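# Inside the fold
The residues making up each chain are set out below.
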Amino acid sequence: MTQTSTFILVHGANLGGWCWQDVRAILEAHGHDVLSPSLNLSLTASLDQHIAEVTELIVSRDLHGIVLVGHSYGGMVITGVADRVRSRIARLVYLDAAVPGDGDDFASHIPDLSAAEAEARRAFYRSLSADGLWLAPPPLQLVGITDADAIASITPRLVPHPLATWLQPVRLQNGGTAGLPKTYILATNPPTDVMGYPRHGEAAKEGGEWTYREIQAGHALMLAAPNETAALLMEAAANAP
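Residues numbered from 1 in each chain as written. Predicted model: local features only at pLDDT ≥ 70, side-chain atom pairs only at ≥ 80, totals over all residues. Heavy atoms only, no water.

### Here we look at the packing of aromatic side chains
So the rule is basically this: Pairing of aromatic rings covers Phe, Tyr and Trp, the last through its six-membered ring, and needs centres within 6.5 Å; plane angles under 30 degrees mean stacked, over 60 mean edge-to-face, and all others mean tilted. Secondary structure elements are defined from DSSP: runs of H or I of at least 4 residues count as helices, runs of E of at least 2 residues count as strands, and each element is numbered from the N terminus. Note on geometry: a ring has a charge over it if NZ (lysine) or CZ (arginine) is within 6 Å of the ring centre and within 35 degrees of the ring normal.
Scanning the entire structure with this criterion turns up seven aromatic pairs. Judged by centre distance (5.8 Å) and plane angle (85°), the ring pair of Tyr-73 and Phe-106 falls under edge-to-face. Highlighted residues: Tyr-73 in the loop between β3 (66–71) and α3 (74–84) and Phe-106 in the loop between β4 (89–95) and α4 (115–128), separated in sequence by 33 residues. Taken together, the ring pairs in this structure connect Tyr-73, Phe-106, Phe-124, Tyr-125 and Trp-166 into an aromatic cluster. When the ring centre of Trp-210 is taken as reference, the NZ or CZ atom of Lys-182 above it lies at 5.6 Å.

Below you can see the structure in the form of structure tokens.
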């Protein structure tokens, strides 16, 4: 009998749980259990709240042996969740995502970034918000979605993201993700250089607790390459302890 796993899929900015629809269908067709919550993206939302939402989902359902997946900003969330319920997690998967350390925000998570560079990135993020509160969805072409029909279908489902969640540092009080097996899946066509994700990929190539994989697609991997994404998630699950 094929071993099945429980996946929790955490979306990034401007998205919702719906973005995993195709990936989820593939995983479920292989017998896996899949949860893809939509984070609260109201103006009062915070990174702490997003971490608490996913943590509560895990605890309330008494889930164990989880493959916890985070895309982009979702990497901030799953790192915080892992710090809180590490004994329940079998493997973390960072899908073209941030990998923060204690005290990092969505600007400073990039390896070897100086304090001045991090502050410049915060200023850049603020400049993207016309009202200082919300981050509008980027053009889908920038995240690897170029098919006109796909753009027409996806665009109405995108939502503004609260800027404050990008500027709040994550606090890790229980060792963060140290000691947990982790997979980094990098988007390479085009690479998400502006967010620093290729630098996380390079760090993951060094091995240790990390397994490195890549997909020849743009940043929105679950939408642009659902078959390849699902296959690598299942590989990650198969290699979990």
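That covers the picture; the talk isn't over yet.
### Digging into the layout of surface pockets
Note the following rule: Points on a 1 Å grid, built from protein atoms alone, make a cavity when a 1.4 Å probe fits but cannot get out and make a pocket when they are open with protein on both sides within 12 Å along at least 5 of 7 lines; residues with an atom within 4 Å of a point are the lining residues. Grid points are joined across faces, edges and corners, and a volume is the space filled by probe spheres set on the points. Under the scheme applied here, ten amino acids are nonpolar (Ala, Val, Leu, Ile, Met, Phe, Trp, Tyr, Cys and Pro), four are charged (Asp, Glu, Lys and Arg), and all others, including Gly, are polar.
Size it by volume and the largest pocket reaches roughly 630 Å³. As for the largest pocket, its lining consists of 28 residues, of which Asn-14, Pro-138, Val-143, Trp-166 and Met-195 are closest to the centre. By residue number, the principal contributor to the lining of the largest pocket is α4, which donates three residues. Taken as a whole, the second largest pocket spans an internal volume of roughly 230 Å³. Lining the second largest pocket are 13 residues, and of these Trp-18, Asp-22, Ser-153, Ile-154 and Leu-223 lie nearest its centre. Elements represented by at least two residues in the lining of the second largest pocket include exactly α1 (21–29), α5 (148–154) and α8 (221–224). When residues in the lining of the second largest pocket are grouped by element, the largest group, three residues, is from α5. Within the lining of the second largest pocket, the residues separate by chemical class into seven nonpolar, three polar and three charged.

### Observations concerning the pairing of β4
Where we set the bar: Burial status follows relative accessibility: with a 1.4 Å probe on protein chains alone, a residue under 20% of its type maximum counts as buried, one over 50% as exposed, and anything between as partly exposed. When DSSP locates at least two bridges between a pair of strands, those strands are taken to pair.
Counting buried residues in β4 gives seven out of seven residues, a clear majority hidden from the surface. Sheet analysis places β3 next to β4, joined by six bridges and oriented parallel. The partner of Val-67 across the bridge, within β4, is Arg-91. In the sheet, β4 pairs with strand β7 (residues 182–187) via four bridges, with the strands oriented parallel. Each bridged residue has a counterpart across the sheet, and for Tyr-94 the counterpart in β7 is Tyr-184.

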